[in-house]
Amino acid sequence: QVQLVESGGGLVQAGGSLRLSCVASGIRFSFNAMGWYRQAPGKQRELVAITRSGQTIYAVSVKGRFTISRDSARNTVDLQMNSLKPEDSAVYYCHAEFGMPVTNYWGQGTQVTVSS
């Protein structure tokens, strides 16, 4: 059974930094893609950053402030978040894709709160 477990969320002041980590277990092969999504209250879940086949995509709102890093061999993915803004507050979810057809996996989420 594949599980994704996030860590590193918390409360930080605007302008501060946090690092999120995600570790996958229950799989012996590399995922097609790994990344991070977020969902704020009353809003839809949105892509933050994802890496797939050596390419990385960032949401426009986080580009230049967030950096995703992935270890394909270990099936881990981190998200370094700098210059945080109150609008970055959300539950952040680790996401992974595997196989063809694709199976999607989600972590349980970790809360990030940025105070102004």
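See the structure above.
Heads up: these notes are all about the structure in this document. (Residues numbered from 1 in each chain as written. Predicted model: local features only at pLDDT ≥ 70, side-chain atom pairs only at ≥ 80, totals over all residues. Heavy atoms only, no water.)

1. Section: the state of the cysteines
Formally, a disulfide is one covalent bond, and it connects the sulfur atom of one cysteine to the sulfur atom of another. Stated precisely, the cut-off is as follows: The disulfide criterion is simple: two cysteine sulfur atoms within 2.5 Å. Strands here are runs of E lasting at least two residues and helices are runs of H or I lasting at least four, both read from the DSSP assignment and numbered beginning at the N terminus.
Counted according to the given criterion, the structure contains one disulfide. In this model, Cys 22 is linked to Cys 94 through a disulfide, with the two sulfur atoms separated by 2.1 Å. One quick way to see it: the torsion about the S-S bond of Cys 22 and Cys 94 is about -80°, and its sign makes the bridge left-handed. In this pair, Cys 22 sits in strand S3 (residues 18-25) while Cys 94 sits in strand S9 (residues 90-98), placing the two residues 72 residues apart along the sequence.

2. Description of the sheet that holds strand S7 (residues 66-71)
Just so we agree on the cut-off: Two strands are counted as paired when DSSP detects at least two bridges linking them. Axes here refer to lines fitted to C-alpha atoms; in helices the fit is confined to the stretch in contact. Angles between the N-to-C directions go from 0 to 180 degrees.
Across the sheet, which stays open at both edges, the four strands sit in the order S1-S3-S8-S7 with antiparallel pairing between neighbours. Either end of the sheet is taken by a strand with one partner, and the two such strands are strand S1 (3-7) and S7. Taking each pair of neighbouring strands and ignoring which way they run, the sheet shows an average axis angle of 15°. Note that S7 and strand S8 (residues 76-81) share six bridges and pair antiparallel. Directly across from Arg 70, in S8, lies its bridge partner Val 77.

3. A look at the nonpolar core
What counts, and what does not: In these notes, a set of buried Ala, Val, Leu, Ile, Met, Phe, Trp, Tyr and Cys residues joined through side-chain atoms within 4.5 Å is what counts as a nonpolar core. The rule is simple: take the accessible area with a 1.4 Å probe, protein chains only, and divide by the maximum for that residue type; under 20% is buried, over 50% is exposed, in between is partly exposed.
One finds Phe 31, Trp 36, Val 48, Phe 66, Leu 79, Met 81 and Tyr 92 to be the most contacted residues of the largest nonpolar core, which totals 28 residues. Going through the elements one at a time, S3, strand S4 (33-39), strand S5 (46-52), S7, S8, S9 and strand S11 (110-115) are the ones with two or more residues in this core.

4. Observations regarding the pattern of salt bridges
Put simply, the rule is: We define a salt bridge as a contact between a side-chain nitrogen of Lys or Arg and a carboxyl oxygen of Asp or Glu at a distance within 4 Å.
A full pass over the atoms with the stated rule returns six salt bridges. Arg 52 is the partner of Glu 97 in a salt bridge, and the nearest nitrogen-oxygen pair spans 2.8 Å. Residue Glu 97 is located in strand S9, and its partner Arg 52 is located in strand S5; the two are separated by 45 residues in the primary sequence. Judged by relative accessible area, Arg 52 falls into the partly exposed class, the value being 31%. Put simply, Arg 38, Glu 46, Arg 65 and Asp 88 are held in one network by salt bridges that share partners.

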